[in-house]
Amino acid sequence: MKKFKLLTLFFAAFAALTLTSCLNDDDDNTGLTTEQIQMAYNATRGSHSGKIYYTTGFNKDGKDVKDSAVVSWDVTSDTVMYINNVPSKVLASVIADDDIRAAVETQGPQRIKCYINYINVSPIQWLVNPVSVSFDNLEYNGAKHKVTIAFYANSNYSFGQLITSVTPNIQMMQFIAGALYVDDKINSEGINFLYDTSKVNVSNYRMRYLVLKEIL
């Protein structure tokens, strides 16, 4: 089984809780049984609260500057969860275009629907597939636009895990912004792209990651 660690240098302060995936590209990944999915859902279901962590920029030494906001999430079935009261400034943090980012920051909090798929039981892990978030009639540069942030789907690096190394157990997740659409057309500059060395340094890739950590 091919293993890898989540790209969570962003989350280095919680290194002891670093998520590790047992997803693989080999033929032995046959999926979970109905009983295993139910067990994983029972262990993660219900309402949870914590913080969402994001990068706001970089300091003079090229180190990323992080911030967080209090959010909650509800795992309502074995295929759906909702992240509640996500400040728009969190979503704006992944946007590269200064004007669009500033406009999104003025918007109200968002509720993000996510489709989930349990893929492991030891540890319990699930893919996180957020539905695109749209801001209609967003005004910037003297005109109104529809701006949509799209996220990666079925990505090995967009998933959650039940952390059992602490008591009580907690959930951690991360998901990844993949593209920005303006008036239903992709914006080439829109998202801070992975491994974009044209900006401060290679750690810029972290700006597209949003990380959830449950706080009990």
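My aim in this report is to walk through the structure given alongside it, one point at a time. (Residues numbered from 1 in each chain as written. Predicted model: local features only at pLDDT ≥ 70, side-chain atom pairs only at ≥ 80, totals over all residues. Heavy atoms only, no water.)

**What to know about the side chain of serine 88**
Logical step 1: With respect to the helices and strands, the residue serine 88 is situated in helix α2 (residues 88-92).
Logical step 2: Among the residues examined, serine 88 registers a relative accessible area of 2% and is labelled buried.
Logical step 3: In this view, serine 88 contacts Val104, Gln107, Gly108, Pro109, Gln110 and Phe135; residues no more than four positions away in its chain are not counted. (Helix = DSSP H or I, 4+ residues; strand = E, 2+ residues; numbered from the N terminus. Buried < 20%, exposed > 50% of the residue type's maximum accessible area, 1.4 Å probe, protein only. Contact = heavy atoms within 4.5 Å.)

**Focus on the nonpolar core**
Logical step 1: Core analysis: the largest hydrophobic core is formed by 42 residues, its most contacted members being Ile52, Met81, Ile83, Leu91, Trp126 and Ile149.
Logical step 2: Per element, the largest residue contribution to this core is five residues, and it comes from strand β11 (residues 170-182). (Core = buried A, V, L, I, M, F, W, Y, C linked by side-chain atoms within 4.5 Å.)

**Overview of unusual backbone geometry**
Logical step 1: Going from serine 122 to proline 123, the amide bond is cis rather than trans, its omega being 5°.
Logical step 2: Of note, the bond from threonine 167 into proline 168 is cis; its omega dihedral lies within 30 degrees of zero at -5°.
Logical step 3: Structurally, proline 168 can be placed in the loop between β10 (159-163) and β11.
Logical step 4: Of note, the phi angle at asparagine 85 is positive, near 55°, even though the residue is not glycine.
Logical step 5: Looking at the element boundaries, asparagine 85 is found in strand β5 (residues 80-86).
Logical step 6: Of note in this structure, aspartate 183 is not a glycine but carries a positive phi near 55°.
Logical step 7: Structurally, aspartate 183 is set in the loop between β11 and β12 (185-186).
Logical step 8: Taking relative accessible area as the criterion, aspartate 183 reaches 38% and is therefore assigned partly exposed.

**Describing the side chain of glutamine 174**
Logical step 1: Relative to the assigned elements, glutamine 174 resides in strand β11.
Logical step 2: Using a relative accessible area of 1% as the deciding quantity, one classes glutamine 174 as buried.
Logical step 3: Of the polar contacts made by the side chain of glutamine 174, one reaches the backbone oxygen of tyrosine 157; its length is 2.9 Å. (Polar contact = N/O pair within 3.5 Å; in protein donor to acceptor, adjacent residues only side chain to side chain.)

**Some words on the pairing of strand β8 (residues 133-140)**
Logical step 1: Where β8 and strand β9 (residues 143-151) come together, six bridges link them in antiparallel fashion. Paired with phenylalanine 135 across the two strands is valine 147, which belongs to β9.
Logical step 2: Linking β8 back to β9 in an antiparallel pair, the connection comprises two residues, with asparagine 141 at a positive phi of about 55°. (Pairing = 2+ DSSP bridges.)

**What to know about the pairing of β10**
Logical step 1: The element β10 is extensively covered by neighbouring structure, given that five of its five residues are classed as buried.
Logical step 2: Every second residue of β10 is oriented toward a common face, with Phe159, Gln161 and Ile163 on one face and Gly160 and Leu162 on the other, all of them buried.
Logical step 3: Across three bridges, strand β7 (residues 124-130) lies against β10 in antiparallel orientation. If you follow tryptophan 126 over to β10, its bridge partner there is glycine 160.
Logical step 4: Both β10 and β11 contribute to a ladder of four bridges, which runs antiparallel. Directly across from leucine 162, in β11, lies its bridge partner glutamine 171.

On their own, these measurements won't tell you what the molecule is for.
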